[in-house]
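# Summary of structural features
Below, each chain spelled out in residue letters.
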Amino acid sequence: MPLPAQTVRPSASLQRHLMGLLLGVVGIFGAGIGLSLWFSLESTREEQQRLIGYEAEQARGNLVRRLGDYRTLLDNAARDRELADVLAFGTPEAQQAWVRARQRLLPEILGLALVDAHGEVVGDAASFRIGPACQRDLRRPGALTDGRLLVHRQQAGAEHVDFVAAVHDVRGMLLGGIFLSVRLDPLQRAIDGSILPEHAIALLDAEGRPIVGHGLQRGAMREVRLPVADTGWTLVVQSPVQWLTRSGGRQVVAGLLTLGAVLAVLVIGIVQLRRTMVRDIVSTLDALKALARNEPVPTIMPHYVEFEQVAEDINLTARHLQEQRARLERLSLTDPLTALPNRRAFETRFPQAQGMAERQHRVALVMLDIDHFKGVNDRFGHAVGDQVLLALAQALKDLTRRADLAARLAGDEFVVLLTDLDAAGLDAWYQRLSDRFRSELNAFGLDLQTGLSAGQTWLGPASRDSIDDALMRADHALYQAKERGRGRMVQYVEPGSDGAG
Ligand SMILES: Nc1nc2c(ncn2[C@@H]2O[C@H](COP(=O)(O)OP(=O)(O)OP(=O)(O)O)[C@@H](O)[C@H]2O)c(=O)[nH]1
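Not measured: the values here are computed from a predicted model. (Residues numbered from 1 in each chain as written. Predicted model: local features only at pLDDT ≥ 70, side-chain atom pairs only at ≥ 80, totals over all residues. Heavy atoms only, no water.)

## Regarding the overall build of the protein chain
- The helix and strand tally for the protein chain stands at 12 helices and 13 strands.
- Counting the 501 residues in the protein chain, one finds 39% classified as buried.
- Of all intrachain contacts in the protein chain linking residues separated by at least 6 positions in sequence, the fraction that spans at least 24 positions is 62%.
- As displayed, the protein chain has an accessible area near 28800 Å², and 56% of this comes from carbon and sulfur atoms. (Helix = DSSP H or I, 4+ residues; strand = E, 2+ residues; numbered from the N terminus. Buried < 20%, exposed > 50% of the residue type's maximum accessible area, 1.4 Å probe, protein only. Contact = heavy atoms within 4.5 Å. Areas by Shrake-Rupley, 256 points an atom, 1.4 Å probe, with all protein chains shown as cover.)

## Some details on the UniProt feature "transmembrane region" (unreviewed entry) in the protein chain
- As annotated by UniProt and renumbered to match this structure, "transmembrane region" (unreviewed entry) occupies residues 20–41 and 252–273.
- The span residues 20–41 is 100% helical and 0% strand by assignment, and the distance between its end C-alpha atoms comes to 30 Å.
- Secondary structure content for residues 252–273 is 100% helix and 0% strand, and the end C-alpha separation is 31 Å. (UniProt positions renumbered as here; feature names shortened; annotations may be inferred.)

## Looking at the packing of aromatic side chains
- By the definition in use, this model includes three aromatic pairs.
- Ring centres of Y70 and F163 lie 5.6 Å apart, and the angle between their planes is 50°; on these two criteria the pair is classed as tilted. With Y70 in helix α1 (residues 14–79) and F163 in strand β3 (residues 160–168), the pair connects residues that are 93 residues apart, well separated along the chain.
- The class for Y70 is buried, based on a relative accessible area of 6%.
- Sitting over the face of the ring of W243, R222 holds its NZ or CZ atom 5.9 Å from the ring centroid.
- We note R362 situated over the ring of W458; from NZ or CZ to the ring centre the distance is 4.1 Å. (Phe/Tyr/Trp six-rings, centres within 6.5 Å; stacked < 30°, edge-to-face > 60°. Lys NZ or Arg CZ within 6 Å of the ring centre and 35° of its normal.)

## Side note on the site of the ligand
- Taken together, the neighbourhood of the ligand is formed by 16 residues, with H372, K374, N377, D386 and R486 sitting nearest.
- Backbone polar atom of I370 to an oxygen atom of the ligand: 3.3 Å apart, as the coordinates give it.
- Within the side chain of R408, an N or O atom sits 2.9 Å from an oxygen atom of the ligand.
- Burial of the ligand by the surrounding chains reaches 66%, relative to a free accessible area of 660 Å².
- Of all elements in the fold, only β9 (363–370), α9 (373–380) and α10 (382–399) reach the threshold of two or more residues within the shell around the ligand.
- The dominant element in the shell around the ligand, judged by the number of residues it contributes, is α10, at four residues. (Near = heavy atom within 4 Å. Polar contact = N/O pair within 3.5 Å; in protein donor to acceptor, adjacent residues only side chain to side chain.)

## Re a nonpolar patch on the surface
- Residues L35, W38 and F39 make up a contiguous nonpolar surface patch of about 360 Å² in total accessible area.
- Along the polypeptide, L35 turns up in helix α1. (Patch = residues over 30% accessible without salt bridge, like charges linked within 9 Å, V, L, I, M, F, W, Y side chains within 5 Å. Salt bridge = Lys/Arg side-chain N within 4 Å of Asp/Glu carboxyl O.)

## Examining the pairing of β3
- Of all nine residues that make up β3, eight are buried, and the element is covered over most of its length.
- Taken together, the three bridges between strand β2 (residues 150–152) and β3 define a ladder with antiparallel strand orientation. Looking at the pairing, L150 lines up with D162 of β3.
- As defined by bridge partners, β3 adjoins strand β4 (residues 174–183) across nine bridges and the pair is classed as antiparallel. Residue V164 lies in a different strand from β4, and its bridge partner there is F179.
- Here β3 hands over to β4 after five residues, with G172 in that stretch at a positive phi of 90°. (Pairing = 2+ DSSP bridges.)

## A few points about the sheet that holds strand β5 (residues 200–204)
- One open sheet holds the four strands; their spatial order is β6-β5-β8-β7, and the pairing between them is antiparallel. A single partner strand is all that each edge strand has here, and the edge strands are β6 (210–214) and β7 (221–228). Direction aside, the axes of adjacent strands within the sheet are offset by 15° on average.
- Bridging between β7 and strand β8 (residues 233–240) involves eight bridges; their strand directions are antiparallel. Opposite R222, over in β8, you have S239 as the bridge partner.
- Relative to β6, helix α5 (residues 185–192) is tilted by about 45°, and along the sheet it contacts β5, β6 and β8. (Axes fitted to C-alpha atoms, helices over the stretch in contact; angles between N-to-C directions.)

## Some points on the nonpolar core
- In terms of nonpolar packing, the biggest core is built from 53 residues, with L114, F163, I178 and W233 touching the most fellow members.
- Take this core: its biggest share by element is nine residues, from α1.
- Setting aside anything within four residues of it in sequence, one finds L114 in contact with L83, V86, L87, Q95, W98, V99, E120, V121, V122, G177 and I178.
- Counting 32 residues, the second largest nonpolar core, distinct from the first, contains F373, V384, A395 and L446. (Core = buried A, V, L, I, M, F, W, Y, C linked by side-chain atoms within 4.5 Å.)

## So, the pattern of salt bridges
- This model, assessed by the stated rule, comprises 17 salt bridges.
- As a salt-bridge pair, R209 and D205 come within 3.1 Å of each other at their nearest N and O atoms.
- D205 gets classed as buried once you look at its relative accessible area, which sits at 12%.
- A salt bridge links K374 to D378, with the shortest nitrogen-to-oxygen separation between them at 3.3 Å. Residue K374 and its partner D378 are both found in helix α9; the two are separated by four residues, about one turn of the helix.
- Residue classification places K374 among the exposed residues on the basis of a relative accessible area of 64%.
- Through salt bridges with shared partners, one network takes in D205, E207 and R209.

## Quick word on the side chain of S239
- Turning to its location among the elements, S239 is positioned in strand β8.
- On the accessibility criterion, S239 (0% relative accessible area) is buried.
- Polar side-chain contacts of S239 include one of 3.1 Å to the side chain of Q48.
- Those residues in contact with S239, other than ones at most four positions away along the chain, are Q48, I52, H199, M221 and R222.

## Some remarks on the sheet that holds strand β12 (residues 452–458)
- What the five strands build is an open sheet, ordered β10-β11-β9-β12-β13; its pairing is mixed. A single partner strand is all that each edge strand has here, and the edge strands are β10 (405–410) and β13 (489–491). If you compare each strand with its neighbour and ignore which way they point, the axes differ by 20° on average.
- Note: β12 against β13, three bridges, orientation parallel. Directly across from G455, in β13, lies its bridge partner V490.
- The sheet contacts of helix α12 (residues 467–483) involve β9, β10, β11 (413–419), β12 and β13, and relative to β12 the element is tilted by about 140°.

Pasting the structure below:
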């Protein structure tokens, strides 16, 4: 009974497995590249931030020094006893002369004036280049003492920053002050030299309005803000956002190239692995199919050592199976008692004999039957009967040539195909066979009065003769031999022709 076909559904997919592997490697590499990109971005950001921070520090230092210069100048003047005297006791002319003398010494100064204790400019404010906005500022409470720097941008081309220092008498009484307005250009120069050309810088007042600077932008810029001490001002330095430094960019490109190379190697490797594995599996499958179809089994030569043991086992099993099949084939064509070819072997060989007959060879078919064999069995037993059969088989083996064929059809019935013998040769062969049979019986120690009857016919070409017809003719002739007293060979004669019977 054929075994039911079992279907075992596999749970894992090789392709999925390999793809998973590939994705895993890509993921790890991708994460590595992402991480190094992130580090590069961070270090670029930090580096940029550090650079503009350094620029801002430089600019603030320059600015504070420059402001300090003006402040010191003013403070020194305010402490001068001569100024206190001029303010307290000087005539308007003396006060004016004091101012004019100093005005000439300071080219960057826009305005210079003396102020009384109420914040009013002493003398003609316009001639000292003190505008109404500055005068207003001077009048506000605490303007002489709070040290605030005020920026005035009302007049284009005359933008300036105001410095004020209080002047006291020897007892510390407030006499008034000295007022100084400075153009913004020196402040601009103080901060300009500290930054790279592509960077922007600006000085903002307490309300965030620009005092000096250039190029400040809103939006995606890196920025550093530093307070300018004692002023309420803020210094801002900006640079366009640079995402990656050149070396960081190179690192990322190198990482991507490495990832690409690893991917390519992996993909090629996996495709190759799959192809080679499939080839190994297909060749194994081919061998198994050939085995199942009883065809010559090709020797499996696997590519991978992992398949070596399987291939060796299949090759060995195939060899064993082939040997067993050959043995079975031999057995199926061999009579088990006499080891002569059996009826199947005779039927297999018969077309070859017909071919010979077709090629003008004389091929004789002789059917043999042991005389009174039943009686031998009955009198001496089956074992002796077997000995008799073996004696005839031995005689047939000895007296048939390689091109001939002797087979046991059944029981005590044998058949022989003989090539290239004429009638006389056949008779002689029959005689030799009978004699040999008897001597074989003697050799077995059997003294039996038995002989051989034979019926003979010539084979015709396949187109006009068949195995059944030929056997029937030989059998008919054998029957004639029995009829005529046994122990003889009779040639088949067509009914109606001479000598028929
Ligand atoms: N010992 C033995 N006997 C067999 C074997 N096969 C068949 N037989 C016997 O062979 C005998 C065949 O006898 P037949 O050929 O019919 O009769 P016979 O006595 O030979 O008579 P004739 O052929 O007319 O001379 C039967 O008794 C079978 O039982 C076998 O393998 N061994």
